[in-house]
Amino acid sequence: MPLKIYNSYSRQKEEFKPITPGHVGMYVCGPTVSGESHLGHARPYIFFDIVLRYLTHKGFKVRYVRNITDAGHFEEEGREAEDKISKKAVLEKLEPMELVQKYTNLFHWAFRQFNCMEPSIEPTATGHIVEQINMIEKIIKEGYAYVSNGSVYFDVKKYAASHDYGKLSGRIIDDLLETTRELDGQEEKRDLADFALWKHAAPEHIMRWASPWGEGFPGWHIECSAMATKYLGAEFDIHGGGMDLQFPHHESEIAQSTICNHTAPVRYWMHNNMITINGRKMGKSYNNVIKLTELFSGNHPLLTQAFHPMTVRFFILQSHYRSPLDFSSEALAASEKALKRLWEAHELLQKLQPADTDTAGDVALDEKINNWLNEFEEFMDDDFSTPKVLANMFELAPVINSVKDGLIAADAISKPTWQRLKKMFKLYMEDIFGLQAVTAANNEMLKAVMQLLIDIRKDAKVKKDYATSDRIRIQLAEMGILLKDEKGGEMSWTIE
RNA sequence: GGUCCUUUGGCCGAGUGGCUAGGCAAGGCUCUGCAAAAGCCUCUACAGCGGUUCGAAUCCGCUAGGGACCUCCA
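Residues numbered from 1 in each chain as written. Chains lettered and ligands numbered in written order. Predicted model: local features only at pLDDT ≥ 70, side-chain atom pairs only at ≥ 80, totals over all residues. Heavy atoms only, no water.

## A look at the environment of Val-24
Structurally, the position occupied by Val-24 is in strand 3 (residues 23–28). A C-alpha to C-alpha distance of 17 Å links Val-24 and His-271, two positions 247 residues apart in sequence. Other than its neighbours up to four places away in sequence, Val-24 contacts Phe-16, Pro-18, Leu-55, Phe-60, Lys-61, Val-62, Arg-63, Asp-237 and Ile-238. (Helix = DSSP H or I, 4+ residues; strand = E, 2+ residues; numbered from the N terminus. Contact = heavy atoms within 4.5 Å.)

## Focus on the protein's contact with RNA strand B
With respect to spatial proximity, 59 residues lie near RNA strand B, and among them Trp-220, Gly-242, Leu-245, Lys-281 and Met-282 are the closest. Sugar plus phosphate, as a fraction of atoms of RNA strand B within 4 Å of the protein: 72%. In this structure, Met-282 approaches RNA strand B through a main-chain N or O atom, which is 2.6 Å from a base nitrogen. By residue number, the principal contributor to the surface near RNA strand B is helix 12 (residues 386–404), which donates eight residues. (Near = heavy atom within 4 Å. Polar contact = N/O pair within 3.5 Å; in protein donor to acceptor, adjacent residues only side chain to side chain.)

## Focus: the pairing of strand 10 (residues 266–272)
Counted residue by residue, strand 10 has six buried out of seven residues, so it is predominantly covered. Where strand 9 (residues 236–242) lies against strand 10, six bridges are found, and the strand directions are parallel. By the bridge assignment, Gly-242 is partnered in strand 10 with Asn-272. Chirality of the crossover, the property in question, places the unit of strand 9, helix 7 (residues 246–261) and strand 10 among those that are right-handed. (Buried < 20%, exposed > 50% of the residue type's maximum accessible area, 1.4 Å probe, protein only. Pairing = 2+ DSSP bridges. Right-handed = clockwise from strand over helix to strand, strands pointing away.)

## What about the packing of aromatic side chains?
The relation between two aromatic rings is expressed through the spacing of the ring centres and the mutual angle of the planes. Enumeration over the complete set of coordinates arrives at 21 aromatic pairs. Seen from their ring centres, Phe-314 and Phe-394 are 6.4 Å apart, and the 75° between their planes marks the pair as edge-to-face. Placement of Phe-314 in helix 9 (residues 309–317) and of Phe-394 in helix 12 is noted, with a sequence separation of 80 residues between them. Residue Phe-314 is classed as buried on the basis of its relative accessible area of 0%. Residue Phe-394 is classed as partly exposed on the basis of its relative accessible area, which comes to 23%. (Phe/Tyr/Trp six-rings, centres within 6.5 Å; stacked < 30°, edge-to-face > 60°.)

## Quick notes on helix 12
Over its 19 residues, helix 12 runs 27 Å from end to end, which matches the ideal 27 Å to within 8%, given 1.5 Å per residue. Every buried residue of helix 12 is listed here: Thr-386, Val-389, Leu-390, Asn-392, Met-393, Leu-396, Ala-397, Val-399, Ile-400, Ser-402 and Val-403. Tucked inside the fold, the buried residues of helix 12 contact helix 1 (39–57), helix 9, helix 10 (329–351), helix 11 (363–381) and helix 13 (415–432). Positive phi shows up at Gly-406, right after helix 12, with a value of about 75°. (Expected span 1.5 Å × (residues − 1).)

## Details of the pattern of salt bridges
What the rule picks out here adds up to 23 salt bridges. In this structure, the salt-bridge partner of Arg-313 is Asp-49, at a minimum N-O distance of 2.7 Å. Of this pair, Arg-313 sits in helix 9 while Asp-49 sits in helix 1, placing them 264 residues apart in sequence. Note on Arg-313: relative accessible area 0%, which makes it buried. One salt bridge connects Glu-122 with Arg-66, and the closest N-O pair in it is separated by 3.3 Å. (Salt bridge = Lys/Arg side-chain N within 4 Å of Asp/Glu carboxyl O.)

## Thoughts on the nonpolar core
Ranked by size, the top nonpolar core spans 91 residues in total, and within it Leu-295, Phe-384, Met-393, Tyr-428 and Phe-433 carry the most contacts. Among the elements that line this core, the one with the most residues is helix 1, at 11 residues. Two domains each put at least three residues into this core: domain 1 (4–272) and domain 2 (277–432). Other than its neighbours up to four places away in sequence, Met-393 contacts Leu-342, Phe-376, Phe-425, Tyr-428, Met-429 and Phe-433. Counting residues in hydrophobic clusters, the runner-up holds 38 residues, among them Ile-139, Tyr-144, Ala-228 and Trp-269. (Core = buried A, V, L, I, M, F, W, Y, C linked by side-chain atoms within 4.5 Å. Domains from an automatic or database assignment.)

## Section: helix 3 (residues 129–142)
With 14 residues, helix 3 should reach 20 Å at 1.5 Å per residue; the first-to-last C-alpha distance of 20 Å fits that figure. Buried positions along helix 3 lie against strand 5 (145–148), strand 6 (151–154), strand 7 (195–200), strand 8 (216–218), helix 6 (222–232) and helix 7. At the C-terminal side of helix 3, Gly-143 shows a positive phi close to 90°.

## Digging into the domain arrangement of chain A
By domain assignment, chain A separates into domain 1 (4–272), domain 2 (277–432) and domain 3 (444–495). Taking the mean C-alpha position of each, domain 2 and domain 3 sit 28 Å from one another. The partner domain 3 presents four residues to the four residues of domain 2 that form the contact. Counting each side, the surface lost to burial between domain 2 and domain 3 is near 330 Å², with a carbon and sulfur contribution of 37%. Put simply, Lys-484 and Glu-344 hold a salt bridge, and the shortest N to O gap is 3.4 Å. (Buried area = accessible area lost by both parts, 1.4 Å probe.)

## What about empty space enclosed by the protein?
If a probe the size of a water molecule is rolled over the atoms, the empty space left behind becomes visible. Per the counting criterion, the structure on display carries three cavities of 30 Å³ or more. Within this model, the largest cavity holds a volume of roughly 60 Å³. No other element matches helix 1, which puts four residues into the lining of the largest cavity. In terms of domain composition, the lining of the largest cavity takes at least three residues from each of domain 1 (4–272) and domain 2 (277–432). By volume, the second largest cavity amounts to about 40 Å³. What lines the second largest cavity is simply Gln-353, Pro-354, Ala-355, Val-403, Ala-410, Ile-413, Ser-414 and Trp-418. In the lining of the second largest cavity, the residues fall into six nonpolar, two polar and no charged. (1 Å grid on protein atoms, 1.4 Å probe; cavity = no way out; pocket = protein on both sides within 12 Å on 5 of 7 lines; lining within 4 Å. Points joined across faces, edges and corners; volume = space filled by probe spheres on them. Nonpolar A, V, L, I, M, F, W, Y, C, P; charged D, E, K, R; others polar.)

## Digging into the sheet that holds strand 8
In space, the four strands of this open sheet follow the order 5-6-7-8, with antiparallel pairing throughout. What marks the edges here is a single partner per strand, and that holds for strand 5 and strand 8. Neighbour to neighbour, the strand axes of the sheet diverge by 20° on average, direction disregarded. Relative to strand 8, strand 7 runs antiparallel, the two being bridged by three bridges. Looking across to strand 8, one finds that Lys-199 is bridged to Phe-217. (Axes fitted to C-alpha atoms, helices over the stretch in contact; angles between N-to-C directions.)

This is how it looks when you write it as structure tokens:
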């Protein structure tokens, strides 16, 4: 089945055809590591992790490049700007690389909690200054950039005369040329719409590199162009990122790369929508960010509890990536319960053995199951409709639970169907959606101890010694372990 | 001000013109020593007003609310 991807550039769903058969080059704009990652960051990196996993499942070999933006005008919160004017001893001063390292580590830690796969290449902007300078020189040579006061600007007006500047973000060039913004260094530009490729560093600027135009630092957009070109080629398949990057970041990337490499860089542009909080985009300037560490610990005024990274992952999968997703503690709590239910059905399914029958006792049910399963791929192929796949899984969960409880006869479902069901759940839950058990109930010693308690409780129940049986269950509950009596006298347990 | 998007049941969220997802919450029932879990059932919504159509949550227009981008941003 062909995969269809909504291309932001053409504003429609298109069949995905990689440039090199069997291979996919995918670039996703990574974080700026001048601060701690927050919930807003979770969406693109979790979503594109799903894209990576799904493409891999479809048999593509994916090179996934995600950068770290560690160059720019950095300061750490709370540390004052005076720090930058250097009369202090080296160790007392703000060392940008130290700051960048700290937040990079924190970012990596958080996304390991989310069970995101690591990118194939994770290039840093500071590690590619040479490539960026080379690219800028090429653009100057092509006549689309000019030097002004130690800075280099891209000539948007000239570019727009022969190229469609503004198409990706739906912008009209004339409007952009008229924008009146008071920005730093605006007077150096020939035109307000021009953007910086290289910026001259003022004396107090702490991050600076030598360049043909004097000491300075790269413009924000050029790093992605330079690194994507280096690792994926002049033209590659997928470029992803948040919607807020469409303009000016991605629009500028297209312009730079097109001039430098004489070809449009990207085949499929993919943009995820924002996570909002009370209907407003989560962001530093709105003062409404929930940092990932706060989310995991529950330590934030807007949170009524701590949330497990898997709950967040599931929450994100429950909505389509191009829709805005409104955060609330209640919504996340609902996801937590939903995930628990689904995950338990999944674990149960993996343990249940199919009846040894090639023909289904309940043909209609058997067919229904197969239809739901068929749709998994159909939905994913339709621009990654993860919520629909989950909906089907929730249709299947009662079937699984009913088989366990004997409410549906084991031989109602044929062996091949049952085996397929098992396989598909494992594939989607674990491999494609990247979900994991929320609790660490895989400790062998704990399992053994629990088995002992269960044996004692069973004995007590047989003797109708309910004081003992209740005591075991109640005290375990106090510790956060939920013991459940199953039909037929068996017992199971989960960690809350 | 410009460009674009959005408005779905108590809450979160899918929705391709007709078959009206799913989750959470709530209520009822079944199972059960009790409990939990599980199962079954109930809860039919699409901002408002017009229009197109045999038929619209889905297309068009207007009104109202919300949002994003135009500046660093996932």
